[in-house]
Amino acid sequence: QVQLVESGGGLVQAGGSLRLSCAASGRTFSTYVVGWFRQAPGKERAFVAAISRGGGRTNFADSVKGRFTISRDNVKNTVYLQMNNLKPEDTAVYYCAADQFRSVPAMYSGQYDYWGQGTQVTVSS
């Protein structure tokens, strides 16, 4: 089992940057695929990005490609989401999630077994 804690959210102007962190407990973090999802008010939770266990494979939603990057440090048990050129439509609560059974960094929320509490990102125009 793993526990996830997100941090790094906040208020930023359009065009700015934020780096979110997802810190995990447990000694087997390197065996989990990790994904980031977001949920805006009145909308369903949506896939943002995901990274494979070793970090060699990533997957991004079309809406963030070229602006967001995802990386992980398995020594620090942390996954990062670097968000650049932020837009007001990126405003949402951002969640990280971990999948302990599969190796593919998929975009399907049902694949993920553990979820963090979320961190708010607000982008002003």
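Above this text sits the structure in question.
Since the model is a prediction, treat every value here as computed from it, not as a measurement.

1. Brief notes about the sheet that holds strand 7 (residues 68-73)
Pairing within the open sheet is antiparallel, and its 4 strands lie in the order 1-3-8-7. Because the sheet does not close on itself, it has two edges, and the strands there are strand 1 (4-7) and strand 7. On average, each strand axis in the sheet is tilted by 15 degrees relative to the strand beside it, whichever way the strands run. By the bridge criterion, 4 bridges tie strand 1 to strand 3 (residues 18-24) in an arrangement that is antiparallel. Note on strand 3: the bridge partner recorded for Val 5 is Ala 23.

2. Considerations on unusual backbone geometry
Generally, phi is negative for residues other than glycine and the peptide bonds are trans, each holding for most cases. Phi angles above zero are rare outside glycine, and Asn 77 is one such case at about 55 degrees. Inspection of the secondary structure puts Asn 77 in the loop between strand 7 and strand 8 (78-83). Of note in the backbone geometry, Asn 85 takes a positive phi value of approximately 50 degrees without being a glycine. One can find Asn 85 in the loop between strand 8 and strand 9 (92-99).

3. Considerations on the state of the cysteines
Under the defined criterion, the tally for this structure stands at 1 disulfide. The disulfide partner of Cys 22 is Cys 96, and the gap between their sulfur atoms is 2.1 Å. Between Cys 22 and Cys 96, the disulfide has an S-S torsion of 65 degrees and is therefore right-handed. Residue Cys 22 is found in strand 3, and its partner Cys 96 is found in strand 9; the two are separated by 74 residues along the sequence.

4. Things to note about the pattern of salt bridges
What the rule picks out here adds up to 4 salt bridges. For Arg 67, the salt bridge identified is with Asp 90, shortest N-O distance 2.7 Å. Linking Arg 67 in the loop between strand 6 (58-60) and strand 7 with Asp 90 in the loop between strand 8 and strand 9, this pair joins segments that are 23 residues apart in sequence. Judged by its relative accessible area of 1%, Asp 90 is buried. In this structure, the salt-bridge partner of Arg 102 is Asp 99, at a minimum N-O distance of 3.7 Å. For Arg 102, a relative accessible area of 41% puts it in the partly exposed group.

Reading guide: rules and limits
- Residues numbered from 1 in each chain as written.
- Predicted model: local features only at pLDDT ≥ 70, side-chain atom pairs only at ≥ 80, totals over all residues.
- Heavy atoms only, no water.
- Pairing = 2+ DSSP bridges.
- Helix = DSSP H or I, 4+ residues; strand = E, 2+ residues; numbered from the N terminus.
- Axes fitted to C-alpha atoms, helices over the stretch in contact; angles between N-to-C directions.
- Disulfide = S-S within 2.5 Å.
- Salt bridge = Lys/Arg side-chain N within 4 Å of Asp/Glu carboxyl O.
- Buried < 20%, exposed > 50% of the residue type's maximum accessible area, 1.4 Å probe, protein only.

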